[in-house]
Amino acid sequence: MAASLLLPSCPSSSSSSSSSHRTCFLGRRDSFSDDSRSTTSIRYTFKCNLPESGRYGNGKPIIPILNERSLPEFLESARMGRPIDRSNNRLKLFSGTANRALSQEISRYMGLELGKVNIKRFADGEIYVQLQESVRGCDVYIIQPTCPPANENLMELFVMIDACRRASAKNITAVIPYFGYARADRKTQGRESIAAKLVANLITEAGANRVLACDLHSGQSMGYFDIPVDHVYCEPVILDYLASKTICSNDLVVVSPDVGGVARARAFAKKLSDAPLAIVDKRRQAHNVAEVMNLIGDVKGKVAVMVDDMIDTAGTISKGAALLHQEGAREVYACCTHAVFSPPAIERLSSGLFQEVIVTNTIPAITENYFPQLTVLSVANLLGETIWRVHDDCSVSSIFK
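Residues numbered from 1 in each chain as written. Predicted model: local features only at pLDDT ≥ 70, side-chain atom pairs only at ≥ 80, totals over all residues. Heavy atoms only, no water.

- In the nomenclature of an unreviewed UniProt entry, the protein chain is known as ribose-phosphate diphosphokinase of Momordica charantia.
- Heading Sequence similarities (unreviewed entry) of the UniProt record for the protein chain holds this comment: "Belongs to the ribose-phosphate pyrophosphokinase family."
- Per its UniProt entry, the protein chain bears the Catalytic activity (unreviewed entry) comment "D-ribose 5-phosphate + ATP = 5-phospho-alpha-D-ribose 1-diphosphate + AMP + H(+)". (UniProt positions renumbered as here; feature names shortened; annotations may be inferred.)

### Some thoughts on the nonpolar core
- Judged by nonpolar contacts, the single largest core of 45 residues is most densely connected at Met-110 and Phe-268.
- Top element by residues in this core is helix α9 (residues 380-391). It accounts for six residues.
- Counting the residues that make up this core, at least three belong to each of domain 1 (87-186 + 193-232) and domain 2 (235-378).
- For Phe-268, the residues in contact, after removing those within four places along its chain, are Glu-235, Ile-238, Leu-239, Leu-242, Val-254, Val-305 and Val-307.
- With 36 residues, the next largest nonpolar core counts Phe-94, Val-117, Cys-164 and Ile-176 among its residues. (Core = buried A, V, L, I, M, F, W, Y, C linked by side-chain atoms within 4.5 Å. Buried < 20%, exposed > 50% of the residue type's maximum accessible area, 1.4 Å probe, protein only. Helix = DSSP H or I, 4+ residues; strand = E, 2+ residues; numbered from the N terminus. Domains from an automatic or database assignment. Contact = heavy atoms within 4.5 Å.)

### Describing the side chain of Asp-308
- Examined against the element boundaries, Asp-308 turns out to sit in strand β15 (residues 303-311).
- In this structure the side chain of Asp-308 is engaged in a polar contact, spanning 3.4 Å, whose partner is the side chain of Arg-264.
- Those residues in contact with Asp-308 that sit more than four places away from it in its chain are Pro-257, Arg-264, Cys-335, Cys-336 and Thr-337. (Polar contact = N/O pair within 3.5 Å; in protein donor to acceptor, adjacent residues only side chain to side chain.)

### Quick look at the sheet that holds strand β11 (residues 229-232)
- Strands sit in the order β5-β8-β9-β10-β11 across an open sheet of five strands; the sheet is parallel. The sheet terminates laterally at β5 (91-95) and β11, the two strands that pair on one side only. With strand direction ignored, the average angle separating the axes of adjacent strands in the sheet is 20°.
- Pairing analysis gives five bridges linking β5 to strand β8 (residues 139-143), with the strands arranged parallel. What sits directly across from Ser-95, in β8, is Ile-143.
- Where helix α2 (residues 100-110) meets the sheet, it contacts β5 and β8, and its direction lies at approximately 160° from that of β5. (Pairing = 2+ DSSP bridges. Axes fitted to C-alpha atoms, helices over the stretch in contact; angles between N-to-C directions.)

### As for the environment of Arg-121
- By the element assignment, Arg-121 lies in strand β6 (residues 117-121).
- Classification of Arg-121 by relative accessible area gives partly exposed; the value is 30%.
- As a C-alpha pair, Arg-121 and Glu-156 span 35 residues in sequence and 9.9 Å in three-dimensional space.
- Setting aside chain neighbours within four positions, we find Arg-121 in contact with Thr-97, Glu-126, Ile-127, Glu-152 and Glu-156.

### Some details on helix α3 (residues 150-166)
- Look at α3: 24 Å from first C-alpha to last across 17 residues, which is about the 24 Å you get at 1.5 Å a residue.
- Those residues of α3 that are buried are in contact with β5, β6, β7 (127-131), β8, β9 (171-176) and α4 (195-206).
- Among the residues trailing α3, Ser-168 stands out with phi positive, at a value near 70°. (Expected span 1.5 Å × (residues − 1).)

### Observations concerning the pairing of β8
- Extensive coverage of β8 is indicated by the burial of five of its five residues.
- Because side chains alternate across β8, one face comprises the buried residues Asp-139, Tyr-141 and Ile-143, and the other comprises Val-140 and Ile-142, equally buried.
- The pairing of β8 with β9 spans five bridges and is classified as parallel. Bridge pairing in β9 links Val-140 to Ile-172.
- Regarding topology, α3 serves as the crossover connection from β8 to the parallel β9, and that connection is right-handed. (Right-handed = clockwise from strand over helix to strand, strands pointing away.)

Written as structure tokens, this is what we have:
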């Protein structure tokens, strides 16, 4: 059974104001050391009793940071039972140019160095890749999200996979934090392509033996691959951050911005003290154009947390937030894994509709897309631990249970 986040309940006349413990999702911090890891680490537990003084500093909640070189307790794997052989060079990490900052965080968490690779563009735009170290007989992990410019980053991933295959790598895993073309996963009209299946075929034909992806737009996309797919859910990172908020559980409602995201929002709500669910009903007139029609559920006087897998132009989520305010919502938070932020997303998100916009760094955050309400959380530790588990033949799904 999945662990759940229990937010503090509203105080009542029968409750004591001097309570010394709070139940939280990921809260406890302590340090440890062993023969293989002498560095001080931050550990988190799914459910714990935490003194109030441990959650606050100078009267303000301490926001958990998940981008340090640490091993959260809930991510402990079987490898911690034995020393890590740092001299084992059979695991190789390589980074494309799409999100090198995330790749560097992952390598720091794993205690490894990124492999040396020469990636450049010719004058006509063609991509050149040369590995500058041997990968013969190695397990290679290529970290490359297919974020905008999607076509260029996809082609770079294909060429990197091909270079590793021709260099006699034993296994090649494409680590794709953001899987482009995931929304083209079915035919909604006649004579349309299913581009998600096409991209899956291209990755397989390029030579990948496994794919590791974060929060796919729909679970059915995993079935498009003829190779194993490890699906990483980033909601623990977002739930961890929400645990630092002093939001009364009775005032919380989770909102799906469209009917298609109901399953995702329901799972999210279940881990937020089984919060009530509301649904925004919309009618899409054209691609990237959404019109809000109705709201299913009660949000009056509540703190609404809108949950989606990605924010592109922010049309759906901003119109949904406007409707929530019209229906009496006190505050609106937006949570998503992939911050695509195509224009005019920044103008819509910074217009004052949202108390906070919480995203992750599966897509690199650029300074031009910054606005005061934006919070970016790192998924480097989560991806780093997943890579270790795949390499050690340990369970990945147990991370999220």
